[in-house]
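Coordinates in review
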Amino acid sequence: MKKHAPHIGFISLGCPKALVDSEQILTRLRSEGYAISPDYQQADLVIVNTCGFIDAAVEESLDAIGEAIQENGKVIVTGCLGIREAEIRARHPQVLQVTGANALETVMLAVHKHLPAIHDPFLDLIPPQGVKLTPAHYAYLKISEGCNHRCSFCIIPSLRGNLSSRPLNEIMQEAEILVNSGVKELLVISQDTSAYGLDLKYAESIWRGQSRQSRFYELAKALSELNIWIRLHYVYPYPHVDEIISLMAEGNILPYLDIPFQHANPRLLKLMQRPAASENTLARIHNWRNQCPDLILRSTFIVGFPGETDAEFEQLLTFLTHAQLDRVGCFKYSPIQGAAANQLPDPIPEAIKQQRWERLMQHQAEISAARLQCRVGRIETVLIDEVVEEGAVARSIADAPDIDGQVFIDDATHLEVGEWVQVEIEEADEHDLWAHLV
């Protein structure tokens, strides 16, 4: 009788970069014959991939570890919170092992120690693209690990190290495998996508018979040759990003940039140790839109940073008015253990943080609603994410999964997930669109 394959439960928390780490671990587990359990009861062991970026994420991770211990008892912890092993073990001394982020080999050694695999060639078979936690029609493509910036509110470099880029040919091989498996959209992620290749000194590698530099523009151009949607996340507004806009204007990659501006006031940006100043940013945005009028810009901001004055907050609102960003997220500043900003004077009271957050979100909602309203009557290509009883739920070129809006198409139950279709936009609010097929 064939032995029971060891089952592993898996909890993945945090950002898309952590999600890619989870996918790599799951792929390795499946390739070695482990089965993935959908619940605690069937699992022989549970892995929790944690997030340690902000206090709320730390608490969520610690709660998830506690639940896994209570429900299963055998738990391995990995991810960004792993750098704070003493804190994890103080709350949950029963955990079997703790590793940091991007620690595939260490995680596997822990699994081998506590739950040895049963080697069976039939169990080793996995799909070529590996195990994915996203739907079959889109996937995240991580191009580098770590970050060279030392933003005062952030501890990512201490969690994930300095910038470490993957060679271009390795990235493109993974991208081709994903496309061949049916992926219609690749979401390019890293901590600093526009810095890609800097640490490699832009070394050359061969893909499709051509020598190509491991450089941001060269990677974007190579990805455009796959003839699917390519969406760029976490891009800093460096001057060399200007080169990418031509690829967007020509329709080679999606006219979409996710740029974490964080603020608009030069003094605060300096305190945050951010790499760009707002006065240059506005000029750059205007130049980009002159080249590519359909460009979609998403960003995130922090309100209530230590020392932020009323006038500086008003400057941020003015920046939003002039920048006319399409999508905006906002965070109320909160101290993070180990962050340099914790030492800054003049903390902002929580009530003022909340008030500023509400004002910014309302201000941006009006901008987003007006920009979406301009798309009513246009014919656009959308990608189907879901088919429900009322019709289909899709995304346009302006919409990244989970963080942006959706396009609702009535009476379109005959469509299939992963299909591109053309629609005419009928209605809009500050987040979503409604459309019909054309």
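The structure reproduced in this document is the subject of the present report.

Cut-offs applied
Residues numbered from 1 in each chain as written. Predicted model: local features only at pLDDT ≥ 70, side-chain atom pairs only at ≥ 80, totals over all residues. Heavy atoms only, no water. Helix = DSSP H or I, 4+ residues; strand = E, 2+ residues; numbered from the N terminus. Expected span 1.5 Å × (residues − 1). Buried < 20%, exposed > 50% of the residue type's maximum accessible area, 1.4 Å probe, protein only. Axes fitted to C-alpha atoms, helices over the stretch in contact; angles between N-to-C directions. Parallel < 35°, antiparallel > 145°, perpendicular 65-115°, else oblique. Left-handed = near helix turned anticlockwise from the far one by under 90°. Contact = heavy atoms within 4.5 Å. Nonpolar A, V, L, I, M, F, W, Y, C, P; charged D, E, K, R; others polar. Pairing = 2+ DSSP bridges.

1. Concerning helix α2 (residues 55–71)
Every α-helix carries 3.6 residues per turn, so stepping three or four residues along brings you back to the same face. Between its first and last C-alpha atoms α2 spans 24 Å; for 17 residues at 1.5 Å apiece the expected length is 24 Å, and the two agree. Buried within α2 are the following residues: Ala57, Val58, Ser61, Leu62, Ala64, Ile65, Gly66, Ala68 and Ile69.

2. Describing the packing of helix α11 (residues 310–323) against helix α12 (residues 350–373)
The N-to-C vectors of α11 and α12 enclose an angle of 15 degrees; their axes lie 10 Å apart at closest approach. The angle between the axes of α11 and α12 places the two elements in the roughly parallel class. Here the hand of the crossing between α11 and α12 comes out right-handed. Between α11 and α12, the residues in contact are Asp310, Phe313, Glu314, Leu316, Leu317, Leu320 and Thr321 and Arg356, Arg359, Leu360, His363, Gln364 and Ile367, respectively. The residue inventory of the contact of α11 with α12, partitioned by class, reads 6 nonpolar, 3 polar and 4 charged.

3. Let's talk about the sheet that holds strand β3 (residues 45–50)
With parallel pairing, the 5 strands of this open sheet are ordered in space as β2-β1-β3-β4-β5. Each of the sheet's edge strands pairs with one partner strand only, and the pair in question is β2 (35–37) and β5 (97–98). Pairing of strand β1 (residues 7–12) with β2 involves 3 bridges; the strand directions are parallel. Following the sheet pairing, glycine 9 is matched in β2 by serine 37.

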